[in-house]
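# Coordinate analysis (summary)
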Amino acid sequence: MKKIVQKYSECIGCGTCVALCPNFWEMGEEGKARPKKGKKNPETGDYELEVKKVECNKEAADACPVQIISLRD
Ligand code: F3S
């Protein structure tokens with residue numbers, strides 16, 4: 001499994017992740033994106049989602065202009 005971690009508080013809501021990887025990303029109420037079915041870590045405020053395959057999340061992580069999406073083993 002891989003874990004997608006997004007520093008939610010630093011998202012500027014550009015929507016690139018949603019455009020490149022709509023199966024995994026959606027825009028939320030605050031004009032920020034988040035991973036669909038992701039869980040907010042209460043300690044860090046980051047959104048986290050475990051996935052079997054990284055798929056388009058790699059492109060989303062590479063393209064995020066503020067580089068807040070990371071993929072961890
Ligand atoms: Fe936010 Fe980066 Fe997506 S700024 S909208 S997480 S591409």
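This section reports on the structure supplied with the text. Since we're looking at a predicted model, the values are computed, not measured. (Residues numbered from 1 in each chain as written. Predicted model: local features only at pLDDT ≥ 70, side-chain atom pairs only at ≥ 80, totals over all residues. Heavy atoms only, no water.)

This part takes up the environment of Lys 3. Note that Lys 3 resides in strand E1 (residues 2-6). Residue Lys 3 is classed as partly exposed on the basis of its relative accessible area of 27%. If we ignore the near neighbours within four places in the chain, the residues touching Lys 3 are Glu 48, Leu 49, Glu 50, Ser 70, Leu 71 and Arg 72. (Helix = DSSP H or I, 4+ residues; strand = E, 2+ residues; numbered from the N terminus. Buried < 20%, exposed > 50% of the residue type's maximum accessible area, 1.4 Å probe, protein only. Contact = heavy atoms within 4.5 Å.)

Attention shifts here to the sheet that holds strand E5 (residues 47-51). With antiparallel pairing, the 4 strands of this open sheet are ordered in space as E4-E5-E1-E6. Two strands bound the open sheet, and with one partner strand each, they are strand E4 (39-40) and strand E6 (69-72). Across 2 bridges, the pairing between E4 and E5 is antiparallel. Bridge pairing in E5 links Lys 40 to Tyr 47. (Pairing = 2+ DSSP bridges.)

Turning our attention to empty space enclosed by the protein. Tallied over the full model, the rule gives 1 cavity of 30 Å³ or more. Lining the largest cavity are 13 residues, with Cys 11, Cys 14, Cys 17, Cys 64 and Ile 68 sitting closest to its centre. Of the residues assigned to the lining of the largest cavity, the class counts are 9 nonpolar, 4 polar and no charged. (1 Å grid on protein atoms, 1.4 Å probe; cavity = no way out; pocket = protein on both sides within 12 Å on 5 of 7 lines; lining within 4 Å. Points joined across faces, edges and corners; volume = space filled by probe spheres on them. Nonpolar A, V, L, I, M, F, W, Y, C, P; charged D, E, K, R; others polar.)

This brings us to the site of the ligand. Around the ligand, the surrounding shell holds 14 residues, and the nearest of these are Cys 11, Gly 15, Cys 17, Ala 33 and Cys 64. If you map the ligand onto the pockets, it falls in the largest cavity. Classifying every residue of the shell around the ligand by side-chain character gives 10 nonpolar, 4 polar and no charged. (Near = heavy atom within 4 Å. Sits in = over half its atoms within 2 Å of the grid points.)

With that settled, the discussion passes to the side chain of Asn 41. Following the sequence through the fold, Asn 41 ends up in the loop between E4 and E5. A polar contact of 2.8 Å, which involves the side chain of Asn 41, links it to the backbone nitrogen of Glu 43. Setting aside anything within four residues of it in sequence, one finds Asn 41 in contact with Asp 46 and Glu 48. (Polar contact = N/O pair within 3.5 Å; in protein donor to acceptor, adjacent residues only side chain to side chain.)

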